[in-house]
Amino acid sequence: MLATSTDGLTFTRLNEILTDQGDVPDVVQDSSGRIYVYYTGWTVGNELNKTCVAISDDNGETWIYKKVVFNGFDQITLPVDPDIQILSNGTFRLYGTSDPGDGDGPRTYYMEGTDGITFTKKGVSFTGNNTEVLDPSTVLIGDTWHIYSGGVPQNNQHGVSSDGKTFTYEGLVQLVNEGKYY
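Everything quoted here is computed from the prediction, not taken from an experiment.

A few words now on the overall build of the chain. Regarding its fold elements, the chain presents zero helices and 17 strands. For a compact globule of 182 residues, the expected C-alpha radius of gyration is about 16 Å, and the chain comes in at 16 Å, within 12% of that figure. In the chain, which comprises 182 residues, the proportion classed as buried is 41%. When contacts within the chain are restricted to residue pairs at least 6 apart in sequence, long-range pairs at least 24 apart make up 34% of them. Of the charged side chains in the chain, 11 are positive and 24 negative, and the gap between their average positions amounts to 5 Å.

What follows is about the packing of aromatic side chains. By the definition in use, this model includes seven aromatic pairs. Between the aromatic rings of Tyr36 and Tyr38, the centroid separation amounts to 6.4 Å while the plane-to-plane angle is 15 degrees, which identifies the pairing as stacked. Note on Tyr38: relative accessible area 0%, which makes it buried. Ring geometry for Tyr95 against Phe167: centres 6.1 Å apart, planes inclined by 65 degrees, an arrangement best described as edge-to-face. A residue pair is termed long-range when its members are at least 10 positions apart, and Tyr95 in strand β9 (residues 92–98) and Phe167 in the loop between β14 (155–161) and β15 (168–173) qualify at 72 residues. Neither Tyr95 nor Phe167 differs from the other in exposure class; each is buried. Among the aromatic residues, those joined into a cluster by ring pairs are Tyr36, Tyr38, Phe92 and Phe119. Directly above the ring of Trp145 sits Arg93, whose terminal nitrogen or CZ lies 5.8 Å from the centroid. Positioned over the ring face of Phe73 is Lys121, at 5.4 Å from the centre of the ring.

Further remarks concern the environment of Thr114. Position of Thr114 among the secondary structure elements: in the loop between β10 (107–113) and β11 (118–126). Each C-alpha atom of the pair Thr114 and Ser149 lies 25 Å from the other, and the pair is 35 residues apart in sequence.

Unlike most non-glycine residues, Asn15 shows phi in positive territory, near 55 degrees. By the element assignment, Asn15 lies in the loop between β2 (12–13) and β3 (22–29). Given the relative accessible area of 64%, Asn15 is considered exposed.

The rules behind each value
Residues numbered from 1 in each chain as written. Predicted model: local features only at pLDDT ≥ 70, side-chain atom pairs only at ≥ 80, totals over all residues. Heavy atoms only, no water. Helix = DSSP H or I, 4+ residues; strand = E, 2+ residues; numbered from the N terminus. Rg over C-alpha atoms; globule rule 2.2 N^0.38 Å. Buried < 20%, exposed > 50% of the residue type's maximum accessible area, 1.4 Å probe, protein only. Contact = heavy atoms within 4.5 Å. Lys, Arg positive; Asp, Glu negative; His and termini not counted. Charge placed at Lys NZ, Arg CZ, Asp CG, Glu CD. Phe/Tyr/Trp six-rings, centres within 6.5 Å; stacked < 30°, edge-to-face > 60°. Lys NZ or Arg CZ within 6 Å of the ring centre and 35° of its normal.

Next up, the structure:
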């Protein structure tokens, strides 16, 4: 469902559906004003659990939909749980959850691309405290990148990085508001 906000805290519902069965959405706007909404689509055609992007050139009035293309994930699962950043040079950096099947569980990978649709795997970005890390969320505060990743009930694993590529585990963080864990 779409909603708008002038302050990022209070939202007004538009009663418009962007996608059905979308999960873990994340949004960015590029320097030209184009809006990109990334999400995991539970059913996309005959495929399950695919990362998709909805793109709007007219401030959200109309949308085109694309499956995100991942290069470099030939031997492991394709990433889900997208978290997107646009770097100062215009490069799209996408973080996502993938499990290489080595018995150590899912971890966060980072990928980069220039068109917002096609991404190339660059490497493992975050492994947390060696437990499942899911649903990454990143933010650049000053000169330090922060990552928060779920996977542990009622706790988020927190990591920091100077370059936003490889994060060092800092500890568990509980995000609580009005007695509810997030």
